[in-house]
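Single-letter residue listing:
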Amino acid sequence: EDLLTLAPDSLDFCCKGLVLDIEEGNFLKLAEDGTVLRASHGTKSMTSEELLETFGRREWKHFNTISGMVSRSGTQYYLYDNYFDLPGALLCARVVDSLDQHDDQKKYDFWKDMVAAIQHNYKISAFKEDCGTYFPEVKNHPDKYLQSCPESVKKWLKQLKSAGKILLLITSSHSDYCRLLCEHILGNDFEEYFDIVITNALKPGFFSHTPNQRPFRTLENDEEQEALLSLDKPGWYSQGNAIQLYELLKKMTGKLDPKVVYFGDSMHSDIFPARHYSNWETVFILEELLGDKVTVPAETESEPLEKKGKYEGHQLKAPYFVSKQWGSFFMDRLPGLENAEETLVRTWSCRCITTYSTIAIPSLEAIADLPLDYRFARFSSNSSATAGYYPSPPRALLSNEESVTMK
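Per-chain numbering applies: the sequence of each chain, read as written, is numbered from 1 onward. Only residues with pLDDT of at least 70 get local features here, since the model is predicted, and only at 80 or more are side-chain atom pairs given and counted; chain-wide, interface and lining totals rely on the full set of residues. Hydrogen atoms and water are omitted, and side-chain values are computed over all heavy atoms in the structure.

### Describing the overall build of the protein chain
- A helix here means a DSSP run of H or I that spans at least four residues, while a strand means a run of E at least two residues long, and both kinds are numbered starting from the N terminus. A count of helices and strands for the protein chain gives 15 helices and 15 strands.
- Only protein chains enter the accessibility calculation, which uses a 1.4 Å probe; a residue is then buried when its area is under 20% of its type maximum, exposed when over 50%, and partly exposed in between. Counting the 407 residues in the protein chain, one finds 48% classified as buried.
- Note that accessible areas follow from Shrake-Rupley with a 1.4 Å probe, and for residues the cover is restricted to the protein chains shown. Just so you have it, the protein chain exposes about 21200 Å², and 51% of that area is on carbon and sulfur atoms.

### Considerations on the nonpolar core
- If you look at the biggest cluster of nonpolar residues, it comprises 32 residues, and the most contacted ones within it are Trp60, Phe330, Ile353 and Tyr389.
- Of all the secondary structure elements, the ones that give two or more residues to this core are strand S2 (26-30), strand S3 (36-41), helix H1 (48-55), helix H2 (63-67), strand S5 (77-80), helix H11 (267-276), helix H12 (348-356) and helix H14 (395-398).
- In terms of residues, this core owes the most to one element, H12, which gives 5 residues. The set of buried Ala, Val, Leu, Ile, Met, Phe, Trp, Tyr and Cys residues whose side-chain atoms join them within 4.5 Å is what this entry labels a nonpolar core.

### With respect to the pairing of strand S7 (residues 196-199)
- Neither face of S7 is left uncovered, since the one carrying Ile196 and Ile198 and the one carrying Val197 and Thr199 both have all their residues buried.
- Whether two strands pair comes down to DSSP finding at least two bridges between them. Note: strand S6 (residues 168-170) against S7, 3 bridges, orientation parallel. Of the residues in S7, the one forming a bridge with Ile170 is Ile198.
- Throughout, right-handed denotes a crossover for which the path from the first strand over the helix to the second runs clockwise when the strands point away from the viewer. Of the crossover connections in this fold, the one passing from S6 over helix H9 (residues 175-185) to the parallel S7 is right-handed.
- One ladder, built from 3 bridges, connects S7 with strand S10 (residues 236-239); its direction is parallel. Within the sheet, the bridge partner assigned to Ile198 lies in S10 and is Tyr237.

Here it is as structure tokens:
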């Protein structure tokens, strides 16, 4: 019970991009080369001395596996890369603290219990059965947890549809929960915004190639029906795969290779697989850009006002904060070697952004007022490492631009 009692400063522990080493009970912040920049045992930060003693300046032992993005989790580690997951990071850290109070653990074995708890709270039937604590709470107090969609974004979605674009919603949430969210966020007419809705998409598996493709299924009263051999028309479906979806998009557009732009906020479930397996353009929704606002670069100042997005040219009231315990999402200092000079390096999370995203934006609202033919600078191997951030790069990267220009 006391694991769930939060102290006022508990949330400072929650930081995207952390990796939990399950057996050791350690949380790690990794550099782009796989070395450990910061770490904690449970919730307790390690000192520079402890870091160097525990990890040295070597690549972390599972970095090769995790950097291939083959798996976000297993029996050895778990990557916390989105806000939905982050309370689990704090809970795991507190479990480690709690176990350490009782006796000195060599290896930890609590992960199976975490998985059982996640399964209990988030399984497909949990919404209908009022199982666990999550769904009943959101159902009873939607206003407390859900923000309604800004009018500018609704207008933008309608403009895209009027311009002949095909709009898709692809979510791993089951249909009943998706409906609750969308009705609250977009309104009861939310289905009119989209040509195709895919729920229980089981990303990143949705993007898998054969033989691991799941078939699409139709839904009746939120129950999945028999598997479909192919996808023949727009509508609302469950599960499925990107390859059959793309065949439908070819049919709907009349083009041999229709271009898909995919928006997502999870590097592991959205951005990496959509780019790596489907070669779609990817727009990374990165709220960390809100907490690191810089003024607009001079070369865009000459643009007329109507060409500017919502956030250009004025400061934001940032809802996002930087964790004191973990520091910047984008950059950090190498733990010092005796009296050696400390060096600033990019984090592994930051490298993934430039490698797998076409552009990164703080929110849809940031681009909703731009003309549909606005030309964005994109991340690419022959451009600066900050090119694809819109409306502007994080300050942490600008101050270090010279040393992080992509080789």
